[in-house]
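Coordinate analysis (summary)
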Amino acid sequence: GELKHDDLVNICELGQGNGGIVWKIRHKLTDKIMARKYCTFTNIDDHWCNWCQWFWNSLSPKKGIYLEIKPAVKNQIVRELKVLDRCNSPYIVGFYGTFAAEGQINICMEYMDGGSLDLILKKVMRIPEHILGKITVAVLRGLSYLREHHRIMHRDIKPSNILVNHQGEIKLCDFGVSAQLIDSTLQTFIGTRSYMSPERLEGAHYGIMSDIWSLGLSLVEMALGRYPIPPPSIEDIDRLFDVDPDGNQSRPEGYGCYKVLAIFELMEWIVNEAPPSLPEKHFSPDFCDFIDRCLKKSTTERADLNTLLHHPFYKRYATESDNQDVSLWIEQVHQKDQSLTNDNDNNQYGRS
Ligand code: ATP
Ligand code: MG
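My aim in this report is to walk through the structure given alongside it, one point at a time.

The rules behind the values
Residues numbered from 1 in each chain as written. Chains lettered and ligands numbered in written order. Predicted model: local features only at pLDDT ≥ 70, side-chain atom pairs only at ≥ 80, totals over all residues. Heavy atoms only, no water. Helix = DSSP H or I, 4+ residues; strand = E, 2+ residues; numbered from the N terminus. Buried < 20%, exposed > 50% of the residue type's maximum accessible area, 1.4 Å probe, protein only. Contact = heavy atoms within 4.5 Å. Areas by Shrake-Rupley, 256 points an atom, 1.4 Å probe, with all protein chains shown as cover. Donors = N, O, S within 2.8 Å, 3.2 Å for Na, K, Ca; no water. Lys, Arg positive; Asp, Glu negative; His and termini not counted. Salt bridge = Lys/Arg side-chain N within 4 Å of Asp/Glu carboxyl O. Pairing = 2+ DSSP bridges. Axes fitted to C-alpha atoms, helices over the stretch in contact; angles between N-to-C directions. Core = buried A, V, L, I, M, F, W, Y, C linked by side-chain atoms within 4.5 Å.

Observations regarding the overall build of the protein chain
A count of helical and extended segments in the protein chain gives 13 helices and eight strands. Every one of the 352 residues in the protein chain was classed for burial, and the buried ones make up 49%. Contacts in the protein chain between residues at least 24 apart in sequence constitute 67% of all its contacts with a sequence separation of at least 6. When the accessible surface of the protein chain is totalled, it reaches about 17100 Å², and 49% of it is carbon and sulfur.

Here it is as structure tokens:
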């Protein structure tokens, strides 16, 4: 049946981004737990479908900014957004539906109880290579599903759009199904970090190769435990790895701190300077090579999806079909988090 505001009970907030707020909710009629993305905006146009508004909002630089879009373009967008209903892959977050309520657009999707990789990265110092291998396999399979079955690219690969759960599943969310919509907006909206490829930042024509760059950059961030632009020095990296070679320890205060570039400097760096890489001392040669191939600035040199699906780093993790190591790792991260929360509770409400 249709999803309605009155049938949904808020449980807790899961996070906030530029596009809105995400809540964990329960659907009263089915008892199903879902994730609900609220999007606030001011100009609801009745002729516009919910999906469009949601996507428009998640892309617009500031809440409520409104851009004229021609009716023909709108119709095209509506057609393109229908893709979401038909997405069915173990590597793509499931969608339950959308609706408008109290001036807000809501999108209900599969709840992923392990959260997003950016949140996990705030709890641990780094994500170990064998888990990054599994993440790579899931992302590449998700990307090839979107390409093979829907002829679309993702457009927004980054740690916060890769979600995990306790079964050890890894899935993509928030992909830009509508090329039309994205092209009719300010396509280079970025926050304080950018996972966009050099060609996209330069305003050139970009395609699926741009997703490969974003994957490479996200993997380096998760492997080192910090956003890699500007790149840390060798000494910085050695220091980071001396603290805890496995990266399993909780993140100490100030870990991963670095010089934050202004957004223009950052874009300039990505376009003009050498791309980030992984230190060979701390990662396997296959992983380092995989990253080098993803982070080629020139799209003709960058590896494409098919090449990566045959890369030794991908193959090493593609053969095992069970998710057990990922699920154990999520459990471990979660337990650590639990004990931290309990400590805080005790401090705050210390019994006397
Ligand atoms: P941006 O708006 O810049 O893309 P973002 O991806 O973090 O950043 P949102 O997409 O609004 O912003 O998501 C906010 C947070 O909600 C995410 O970081 C993630 O931790 C959490 N979240 C989103 N979808 C789900 C889901 N289906 N299950 C569990 N948590 C989710
Ligand atoms: Mg997101």
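Quick word on unusual backbone geometry
Among all residues except glycine, the phi angle is most often negative; among peptide bonds, the trans geometry is most common. Across the junction of Ile229 and Pro230, the peptide omega takes the value 0°, indicating a cis bond. Within the fold, Pro230 resides in the loop between α7 (208–224) and α8 (234–243). Of note in the backbone geometry, Asp31 takes a positive phi value of approximately 65° without being a glycine. Its place among the elements puts Asp31 in the loop between β2 (21–27) and β3 (32–40). A positive phi angle, close to 80°, is found at Arg155, a residue other than glycine.

Regarding the coordination of the magnesium ion (ligand 2)
Protein coordination at the magnesium ion (ligand 2): the donors are Asn161 (OD1) and Asp174 (OD), at 2.0 to 2.1 Å from the metal. Of this pair, Asn161 sits in the loop between α4 (129–150) and β7 (162–164) while Asp174 sits in the loop between β8 (170–172) and α5 (179–183), placing them 13 residues apart in sequence. Per residue, the accessibility class of Asn161 equals that of Asp174, and both read buried.

Examining the side chain of Arg200
Residue position: Arg200 is located in helix α6 (residues 198–201). It turns out Arg200 is buried and unbridged, and the closest side chain with the opposite charge, Asp211, is 5.8 Å from it.

Topic: the pattern of salt bridges
Enumeration over the complete set of coordinates arrives at 13 salt bridges. One salt bridge in this structure joins Lys37 and Asp174, with 3.2 Å as the shortest N-O distance. Within this pair, whereas Lys37 is found in strand β3, its partner Asp174 is found in the loop between β8 and α5, the two being separated by 137 residues in sequence. Judged by relative accessible area, Lys37 falls into the buried class, the value being 9%. Note that Arg239 and Asp236 form a salt bridge whose closest N and O atoms lie 3.4 Å from each other.

Some words on the sheet that holds β8
On the basis of which strands lie adjacent, the open sheet formed by three strands has the order β6-β7-β8 and antiparallel pairing. In the strand order of this sheet, the two ends are held by β6 (115–116) and β8, each with one partner. Direction of pairing for β7 relative to β8: antiparallel, over a ladder of three bridges. Of the residues in β8, the one forming a bridge with Val164 is Ile170. The strands touched by α4 are β7 and β8; relative to β8, the strand with the most contacts, the crossing angle is about 40°.

Digging into the nonpolar core
Inside soluble globular proteins, nonpolar side chains tend to come together where they are buried. Judged by nonpolar contacts, the single largest core of 75 residues is most densely connected at Ile120, Ile127, Ile135, Leu278 and Phe287. Here the element with the most residues in this core is α4; it accounts for 10 residues. Residues in contact with Phe287, not counting those within four places in the same chain, are Glu129, Leu132, Leu219, Ala223, Leu278, Phe313 and Arg316. With six residues, the next largest nonpolar core counts Leu3, Leu8, Met34 and Cys108 among its residues.

A look at the environment of Arg251
Mapped onto the elements of the fold, Arg251 is located in the loop between α8 and α9 (263–272). Arg251 gets classed as partly exposed once you look at its relative accessible area, which sits at 24%. Along the chain, Arg251 and Lys122 lie 129 residues apart, while their C-alpha atoms are 6.9 Å from each other. If sequence neighbours within four positions are ignored, Arg251 has contacts with Leu121, Lys122, Lys123, Val124, Met125 and Gly225.

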